[in-house]
Amino acid sequence: MSLTEIRARIASAERAAGRAEGSVTLIAVSKVQPLDRVEAVLGEGHRVFGENYVQEAQAKWPPLRARFGPVEVHMIGPLQTNKAKVAVELFDAIHTLDRPSLAEKLARLAEARGSCPQLFVQVNTGEEPQKAGVLPADADGFIRDCRALGLPLAGLMCIPPEDQDSRPHFAMLAALAARNGLAGLSMGMSGDFEAAIAAGATHIRVGSAIFGARNYG
Ligand SMILES: *Cc1c(COP(=O)(O)O)cnc(C)c1O
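None of these values were measured; they are calculated from a predicted model.

### Side note on the overall build of the protein chain
A count of helical and extended segments in the protein chain gives 9 helices and 8 strands. Rg of the C-alpha trace for the protein chain: 17 Å, near the compact-globule value of 17 Å for 217 residues, within the 12% margin. A principal-axis box enclosing the C-alpha atoms of the protein chain has dimensions of 40 × 40 × 35 Å. Per-residue burial for the protein chain yields a buried fraction of 48% across its 217 residues. The long-range share in the protein chain, meaning contacts at least 24 apart out of those at least 6 apart in sequence, stands at 58%. When the accessible area of the protein chain is evaluated, it comes to approximately 9900 Å², of which 52% is carbon and sulfur surface.

If you want it as C-alpha cells, here you go:
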C-alpha cells in the first residue's frame, strides 16, 4: 500500500474519532526492509521511522540522515542495557522502557548528556510470558519510579497478543495512561492502526502496510 493511502486512512480514522487531523504520528517501521524501499519513503517526504535493532539502525540512519537531513528515528524493539548508550545517541524516542535496570541506566546517561530521548513505558497488556513490558498491575509503580529518577516520560506503548482483538488492550493502555497523567499512546500496527486511533493512539507503528512484507532471510 502506498504511503499516500496510509495517510488517507489515518486522516479518515482521525475524523471518525472526532480527533484533529494530524494528531496521530505515523512511525514507518523500516526494520529489515531493503534500503531502496526506505529511500523511496524518505523521497516521498516522510521523516519519522521506527527500528527494532540497535545495530541495524546504527548502520542505516547516520548515512541516511546525512543525505536526507533530520529524520526522527524511534526505537521500538527490546533494548539491552549494554546498548543504552548508543541508543540515547541515535534515537529520538525509545518505546520499550520496561524494567528498573534500564530506567536507571537511561537516567544516568540522560544526566551525563543533559538530554534524553522521549520515553514510552512498554506495558505487557496481554500478560504474555514471552513478551517484554511491565505487567499492568506493576505499571503505576514503575511509572512513579521512572519519574523519581527524573526521566521524561512521554507515554505508554503496547503490542497486543497476535491472536486477540486488539481493542481491549488499547483501551487498557489508554486507561493506564490517563490515570498516570501521560499523554502519549504508542499503539496500533499495520493490522489494527485504525482501531488504535479510535482508542486514542498518538503514535502508530506501521511497517508491512507501507513497505511490504519483511523478508528475514
Ligand atoms: C515490527 C513492528 C511493528 C510493525 O509491524 P507491522 O505489522 O509490519 O506494521 C510495530 N511495532 C513493533 C513493536 C514491531 O516490532
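### Remarks on the UniProt feature "domain: Alanine racemase N-terminal" (unreviewed entry) in the protein chain
UniProt's entry tags residues 3-214 with the feature "domain: Alanine racemase N-terminal" (unreviewed entry), counted in the numbering of this structure. In the segment residues 3-214, helix accounts for 45% and strand for 17%; the C-alpha atoms at its two ends are 16 Å apart.

### Remarks on the environment of Val38
Note that Val38 resides in helix H2 (residues 35-43). Given the relative accessible area of 0%, Val38 is considered buried. Expressed as a C-alpha distance, the spacing of Val38 and Cys146, which sit 108 residues apart in the sequence, is 34 Å. Apart from the residues lying within four places of it in its own chain, the contact partners of Val38 are Ser30, Gln33, Phe49, Trp61, Leu64 and Phe211.

### Observations regarding the packing of H2 against helix H3 (residues 54-68)
At a minimum axis separation of 12 Å, H2 and H3 run at an interaxial angle of 35°. Here H2 and H3 pass one another in a crossing that is right-handed. In contact with Leu35, Val38, Glu39, Leu42 and Gly43 of H2, H3 contributes Lys60, Trp61, Leu64, Arg67 and Phe68. The residue inventory of the contact of H2 with H3, partitioned by class, reads 6 nonpolar, 1 polar and 3 charged.

What counts, and at which threshold
Residues numbered from 1 in each chain as written. Predicted model: local features only at pLDDT ≥ 70, side-chain atom pairs only at ≥ 80, totals over all residues. Heavy atoms only, no water. Helix = DSSP H or I, 4+ residues; strand = E, 2+ residues; numbered from the N terminus. Rg over C-alpha atoms; globule rule 2.2 N^0.38 Å. Buried < 20%, exposed > 50% of the residue type's maximum accessible area, 1.4 Å probe, protein only. Contact = heavy atoms within 4.5 Å. Areas by Shrake-Rupley, 256 points an atom, 1.4 Å probe, with all protein chains shown as cover. UniProt positions renumbered as here; feature names shortened; annotations may be inferred. Axes fitted to C-alpha atoms, helices over the stretch in contact; angles between N-to-C directions. Left-handed = near helix turned anticlockwise from the far one by under 90°. Nonpolar A, V, L, I, M, F, W, Y, C, P; charged D, E, K, R; others polar.

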